[in-house]
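Geometric and topological summary
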Amino acid sequence: MKGFNVLHPMGWDAFGLPAEQYAIETGTHPKITTERNIDRFRTQLKSLGFSYDWDREISTTEPCYYKWTQWIFLQLLKRGLAYQAEVPVNWCPALGTVLANEEVVDGVSERGGYPVIRKPMRQWMLRITSYADRLLEDLNDLDWPESIKEMQRNWIGRSKGAELEFAAVDKEGHDLGAKLLVYTTRPDTIFGATYLVVAPEHVLLSSLTSEEEREHVEEYKELAARKSELERTDLQKEKTGVFSGSYAKNPATGEIIPIWVADYVLGSYGTGAIMAVPAHDSRDHEFAMQYELPIIKVVSPPNGSCDPTEAYADDGIMINSCNSSSGLDINGMLSKDAAQKVIEWLESNGYGKKKVNYKLRDWLFARQRYWGEPFPVVFHDDTNEMVPLSENELPLTLPELDDFTPTGTGEPPLTKATDWVRTIDPLSKKPARRETSTMPQWAGSCWYYLRFMDPKNSNILVDKAKERYWGPVDIYVGGAEHSVLHLLYARFWHKVLYDMGLVSTKEPFKCLINQGLILGEVEYSAYRDNEGRLVSADSNSSLIDCYQEKVPADKVTKVGDHYVLKDDPNIRLNARAYKMSKSRGNVINPDDVVSEYGADSLRLYEMFMGPLRDSKTWSTGGIEGVHRFLGRTWRLIVGPPLPDGSYKDGTVTTEDEPTLDQLRVLHKCIARVTEEIHETRFNTAISAMMEFVNAAYKWETQPKSVIESFVLLLSPFAPHLAEELWFRLGHPQSLAYEQFPEAKSEYLEESKLVLPVQINGKTRGTVLVDKSCSEDDVFQIAASDEKLSKYLAGKGIRKRIYVPGRILNVILDQQKART
């Protein structure tokens, strides 16, 4: 309607855990349940009148789609960006699969809340770390919420520092023949390193553990394996660890320092080992205090004062940092300069080097599940050599399975499809077996936006001309929960495709808008003590021993800012809205709302609840208001109902020329609705249209030209009602391709203004006048004003001073006034 070609498609990202878990629980094949759910969703979406281009509909589970997901994987493989490695993974026994770090929350699976443990497995990995710098730098050019960009920056976690070696020794200082590689962002504090810490999953831990400590270390490793990385790095949790029984030599001081094992160090970050400087790192300080380890201060604050009981983590002036044997002296230097000198010393003496590090890990790209894209590779039986399929053999489709439940051993369900697994390498003709893990649910969603541009192309991923025309995505609306998952993965794949010359832009999504959640209806609960007596939620007594019970909404009333029992206003209640979920029973079925109120009322209410970006609480009663507004709009244009409840054909509009006032009301509405749509403030756009309807009810006639423009304004919000009104206004074609109304500036200016009136230089009142009023007209209005007329009646006027639009000053003839 604004003259642009718009690509607004819909598709189904339907591989992955949710579909497979449901299939396992019900015993139905995931393909059947997925197709059934897609049909259901499609019907619901169409009933709501969304302007999707259904000709471009895609599903990630269709072979014609995932053929190209597999094709992209082969390109990653060719470029060394896909590889297999033995890595510690998040294994969920209940789900029977490996989970990415992002899919584990507080030690349990995000999907289902099942316990997760860490264990080593051979997995497919994608080298997203190769793109870390570009993923970081290109964020600056994106029109995204700053909070999302900051989440990605923190997840990538770029830091500068040094990598250095500590020689492992026994208690007497005898070399054990092992070098422990450590990464630090503060090489300036090397003189304050009083112990080392290795992660429980460190590859050298077994060789570093003495026989006396082995039992304790093994127990600790088992405990750490049950924790998520988030739990282990939680700053609030109590630090735990065990002594390995080995030591290391600090290259700067020559001191023998102990090597500890602690789960606050991660094997997946840096080298999996740190030099602990308890005087200048809060985690190290807490650990040292707990286990009575030495604390040596080596950085003094510039002002010389700091809390001696806490770690000082900022920059400052170096102290206690000199050793003649090692030849390193950084005393008196600023931290930044000292760090550079330490790095130069490390490099010249072969102890280490300058290093840039990232928290970002390579993407674990395999799931031990059935419902996912098969990997297009085979492994030779005799040599275990991995061989990619040729591109003309794609798609490699999933075999039909009756039993797709997890094996429980870590072996994927696809191992049960023996006829599919056993194969022949097409090139060498050697016996081979297929990969039985599948791609994660994120694979198909990494690039779907490109397929929407060219959904029927069977020859290439996307036509270059179409990609140049449509790309990048102008506006992407999505939840903040995708910040370090889908959004980061899609950016990585897009950059790979950009390097291959398949896409013309560096980034896939130009503008990102996070929509807020719609929460379930407010739930009310009351407290009862052990005797069963009601206790007010604001009671001074403890509520810990009380139990809560739900209170029906019809028994609740609001007093001030609080909710209380109708029967006993002294009992204040808890009122809270929760995220919609089947388990709480607070999910709203759109079919029920559409059946009772119509699709336009549902659409309008969702937009009227509040700003798009804010979370909002659903209230079925709130639909009544917007439903009444649509009813008023209908009656304004069509007229009141006939005695039998029906409406006459056509409308009550007239062919009259609109008045100036009507045009001003219309164009003010056009200007506001246009601006609010542009700024995604749909709720205030609706308010503007409500104001228009209120004003229009006061008019003696409804000029057709004005009403037509209003119907076009309303159409994006309530398309069904607007189409019907458009037809009744005499238009046989849809309004979807009509030009959206444009506000004209001449009707936006206020025609009247409030003009101050002075008598002998003293302001005595104001008058409302047209901007075009002449001096004589303004004076006549002032003279007839009840308040001002008493100052002018019977008085001679010596002079009038009139500044148009600013002021009228009447100078009286004082002599005539005296007579």
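Residues numbered from 1 in each chain as written. Predicted model: local features only at pLDDT ≥ 70, side-chain atom pairs only at ≥ 80, totals over all residues. Heavy atoms only, no water.

Some thoughts on the packing of helix 17 (residues 599-608) against helix 20 (residues 682-696)
One can describe the packing of helix 17 onto helix 20 by two numbers: an axis separation of 7 Å at closest approach and a directional angle of 115°. Facing helix 17, whose interface residues are Leu 604, Met 607 and Phe 608, helix 20 presents Phe 682, Asn 683, Ile 686, Ser 687 and Met 690. Looking at the contact of helix 17 with helix 20 residue by residue, the classes come out as 6 nonpolar, 2 polar and no charged. (Axes fitted to C-alpha atoms, helices over the stretch in contact; angles between N-to-C directions. Helix = DSSP H or I, 4+ residues; strand = E, 2+ residues; numbered from the N terminus. Contact = heavy atoms within 4.5 Å. Nonpolar A, V, L, I, M, F, W, Y, C, P; charged D, E, K, R; others polar.)

Regarding the packing of helix 21 (residues 704-714) against helix 22 (residues 719-728)
In a pair of packed helices, the angle between the axes and the distance between the axes together describe the arrangement. As a packed pair, helix 21 and helix 22 sit with axes 9 Å apart at the nearest point and diverge in direction by 155°. By the angle between their directions, the pair helix 21 and helix 22 is classed as roughly antiparallel. Regarding helix 21 and helix 22, the two cross each other, and that crossing is left-handed. Of helix 22, the residues touching helix 21 (which contributes Glu 708, Val 711, Leu 712 and Leu 714) are Leu 721, Ala 722, Leu 725 and Trp 726. (Parallel < 35°, antiparallel > 145°, perpendicular 65-115°, else oblique. Left-handed = near helix turned anticlockwise from the far one by under 90°.)

What about the UniProt feature "domain: Aminoacyl-tRNA synthetase class Ia" (unreviewed entry) in the chain?
The positions that UniProt labels "domain: Aminoacyl-tRNA synthetase class Ia" (unreviewed entry) are, in the present scheme, residues 359-519 and 576-607. As a span, residues 359-519 carries 22% helix and 19% strand, and end to end its C-alpha atoms are 34 Å apart. Helix makes up 53% of residues 576-607 and strand 3%, and the two end C-alpha atoms of the span are 22 Å apart. (UniProt positions renumbered as here; feature names shortened; annotations may be inferred.)

A closer look at the pattern of salt bridges
Side chains that carry opposite charge are capable of pairing whenever their charged atoms lie near each other. Counted under the stated rule, the structure contains 37 salt bridges. Note that Arg 283 and Asp 281 form a salt bridge whose closest N and O atoms lie 4.0 Å from each other. The exposure class assigned to Arg 283 is partly exposed, which follows from its relative accessible area of 26%. As a salt-bridge pair, Glu 507 and Lys 495 come within 2.9 Å of each other at their nearest N and O atoms. (Salt bridge = Lys/Arg side-chain N within 4 Å of Asp/Glu carboxyl O. Buried < 20%, exposed > 50% of the residue type's maximum accessible area, 1.4 Å probe, protein only.)

Remarks on the sheet that holds strand 35 (residues 762-770)
Across the sheet, 4 strands lie side by side as 35-34-37-36; this open sheet has mixed pairing. Edge positions in the open sheet fall to strand 35 and strand 36 (796-803), since each of these has one partner strand only. The mean inter-strand angle of the sheet, taken between neighbouring strand axes irrespective of direction, is 25°. Alignment of strand 36 against strand 37 (residues 807-813), held across 7 bridges, turns out to be antiparallel. Paired with Ile 801 across the strands is Asn 809, a residue of strand 37. Against the sheet, helix 23 (residues 775-784) touches strand 34 (752-759), strand 35, strand 36 and strand 37, its axis set at about 120° to strand 36. (Pairing = 2+ DSSP bridges.)

Structural notes on the pairing of strand 31 (residues 562-565)
Consecutive side chains of a regular strand alternate in pointing toward one face of the sheet and then the other. Two strands pair when backbone bridges link them, and strand 30 (residues 556-559) and strand 31 are joined in this way by 4 bridges, in the antiparallel orientation. Bridge pairing in strand 31 links Val 556 to Leu 565. In textbook terms, the turn of a hairpin is the stretch between consecutive antiparallel strands, and for strand 30 and strand 31 this stretch comprises 2 residues, one of which, Gly 560, has a positive phi near 65°.

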